[in-house]
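# Structural features, examined
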Amino acid sequence: MQYDDPSSWRYDHEVDGIVKAGKIDGIYISMHGTMGVEGMRDTEGDLLEAIRSRIGNDIPIGISHDLHANLTKKRMRHATFLVGYKTNPHRDHFETGYHSGKILVNTVLGKVNPVMEWNKMRLLKGGGMNVDFLSPMRKIFGWMEDMEDDDQEVLCLSNFMVHIFIDDPELGWSTVAVTDGNREKARKLADELADKNWAVRDVKHPEGSTAEEAVAIAKDKSFLRNFGTVVFCDASDAVGAGSPGGNTWILKALLEKGPELVSYVPLRDGVAARKAYKKDIGEDITLTVGGRLDPVYNRPLKYSGTVIKKLDIKRLGKVAIVKHKGIHLVLTELADSYPKPSDFTELGLGLWKADVTVVKNLFPFRYNYIVYNRKTVNVITPGTSNVDVFELKLDSIPRPIYPLDKIDSWRL
Ligand SMILES: [Zn+2]
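The rules we used
- Residues numbered from 1 in each chain as written.
- Predicted model: local features only at pLDDT ≥ 70, side-chain atom pairs only at ≥ 80, totals over all residues.
- Helix = DSSP H or I, 4+ residues; strand = E, 2+ residues; numbered from the N terminus.
- Rg over C-alpha atoms; globule rule 2.2 N^0.38 Å.
- Buried ≥ 20, exposed ≤ 12 C-beta atoms within 10 Å, placed from the backbone.
- Axes fitted to C-alpha atoms, helices over the stretch in contact; angles between N-to-C directions.
- Parallel < 35°, antiparallel > 145°, perpendicular 65-115°, else oblique.
- Left-handed = near helix turned anticlockwise from the far one by under 90°.
- Contact = placed C-beta atoms within 7 Å.
- Nonpolar A, V, L, I, M, F, W, Y, C, P; charged D, E, K, R; others polar.
- Pairing = 2+ DSSP bridges.
- Domains from an automatic or database assignment.
- Core = buried A, V, L, I, M, F, W, Y, C linked by C-beta atoms within 7 Å.

Broken down by element type, the chain carries 12 helices and 14 strands. Rg of the C-alpha trace for the chain: 24 Å, near the compact-globule value of 22 Å for 412 residues, within the 12% margin. Taken over the C-alpha atoms alone, the chain extends approximately 70 × 45 × 35 Å along its principal axes. Relative to its full complement of 412 residues, the chain shows a buried share of 43%.

Here it is, written out as structure tokens:
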């Protein structure tokens, strides 16, 4: 990928608005922290830099980030302090905003003097070991909260477990400590947090199955399928993690190994969805599906079936369900992760009738589908959000980095 020189981009409109607001005591910006824009590398860093250049260095800027943020030197140079989510799956959006606001207001009032230290770690670790309430991260997040609660000087600790599939020269986990004026303590805590992450780097991910293995598992669960559905977690095409939603590997395996299973297979492909939408209900169609938005990991696939349903809804745009034997291919213009059963029932697809339901969601479906779900299969295929870092095509990331390289320290 080619990146233009970010300095050639301007945020005059946004920054003018801030300047025109009159006297500013402090600024808080809620940012994801891994925003991607074609042609720009550190979009959020550029924005911060633009604001800083107009308001000067004396006005505090507090920012908050998603726990999967990829920290950059530029952002850390311009932010006065940073607060990250402490939950994964994320449940503390409100608390993070409140925490940020509290530090900012106290800073403006002169009650605290935030100083921030941070580390970029030579560590990539994604997938199922990063849940905040499960081992091994539970202890680490518990320690962070204890430090914040017990030590008045500790304003905030954050642990950024960045997604592994962002091909960026600054990719890596980060730790951040913000204290009230005590730089030495901030440095010590940021290091200690990094050491704790490093100590659990070898913890294995939950096992996944190939698409073919997943189909075999579903076939094997014929008794359980009488009372619900097998749910395939399409982990390598997780839409919430930034994948396009156009994985063809599961569809291919179902066509080849299990077309008789009643399966609900969402696939985002605007071209194919619109083509099928133009057909009448009951008409047959042959399409090439997938491999459009992501031609790196996914291959286009030939698919023939009958158009059985058409919808045009805000969430998905034009939708056409094209049926081949038991396969219900849900072609959509827009991507969705299908975190809740109503995402299918809204399309007229009742979950009691399905043998296999494919979701593009990593966590919330695990409790949302409990009534219908008789077996979860984590499916690992080639894909943008593949949890196996060895299978990703990462050309720009810093090396050496664990686990791609054998190194004995997280330090740069
Ligand atoms: Zn996140």
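The next point concerns the packing of helix α5 (residues 137-150) against helix α6 (residues 183-199). Axis separation between α5 and α6 bottoms out at 10 Å; the angle between their running directions is 165°. Between α5 and α6, the angle is such that the two are roughly antiparallel. Judged by the twist between their axes, the crossing of α5 over α6 is right-handed. Residues I140, W143, M144 and M147 of α5 form the contact with α6, whose own contacting residues are L189, L193, K196 and N197. Looking at the contact of α5 with α6 residue by residue, the class counts come to six nonpolar, one polar and one charged.

A word on the sheet that holds strand β14 (residues 373-379). Across the sheet, which stays open at both edges, the eight strands sit in the order β9-β10-β11-β12-β8-β13-β7-β14 with mixed pairing between neighbours. Only two strands of the sheet have a single partner each, and these edge strands are β9 (284-289) and β14. The mean inter-strand angle of the sheet, taken between neighbouring strand axes irrespective of direction, is 35°. Strands β7 (229-234), β8 (263-268), β10 (301-313), β12 (327-332), β13 (356-359) and β14 of the sheet are contacted by helix α9 (residues 249-257), whose axis makes an angle of about 145° with β8. Relative to strand β11 (residues 317-324), helix α10 (residues 270-277) is tilted by about 75°, and along the sheet it contacts β9, β10, β11 and β12.

By the criterion of burial, β7 is predominantly enclosed, with six of the six residues buried. Side chains T229, V231 and C233 project from β7 onto one buried face, and the interleaved V230, F232 and D234 project onto a second face that is buried too. In this structure, β7 lies alongside β13, joined through four bridges in parallel fashion. Each residue of the ladder has a partner; that of F232, found in β13, is V358.

Moving on: the domain arrangement of the chain. Segmentation of the chain into domains returns domain 1 (6-199) and domain 2 (211-386). Taking the mean C-alpha position of each, domain 1 and domain 2 sit 36 Å from one another.

Further remarks concern the environment of G33. Examined against the element boundaries, G33 turns out to sit in the loop between β1 (27-30) and α2 (43-55). C-beta crowding within 10 Å serves as the criterion here: with 24 such atoms nearby, G33 is assigned to the buried category. Considered as a pair, G33 and T43 are 10 residues apart in the sequence and their alpha carbons are 9.1 Å apart.

Turning next to the nonpolar core. In this structure, F232, I250, V265, L329, V330, L331 and V379 are the most contacted members of the largest nonpolar core, which totals 52 residues. Here this core gets six residues from one element, more than from any other, and that element is α9. Here L329 is in contact with L251, V265, L267, Y303, G305, I321 and V322, once residues within four sequence places are set aside. Listed in part, the 44 residues of the second largest apolar core include L47, I61, L67 and L82.

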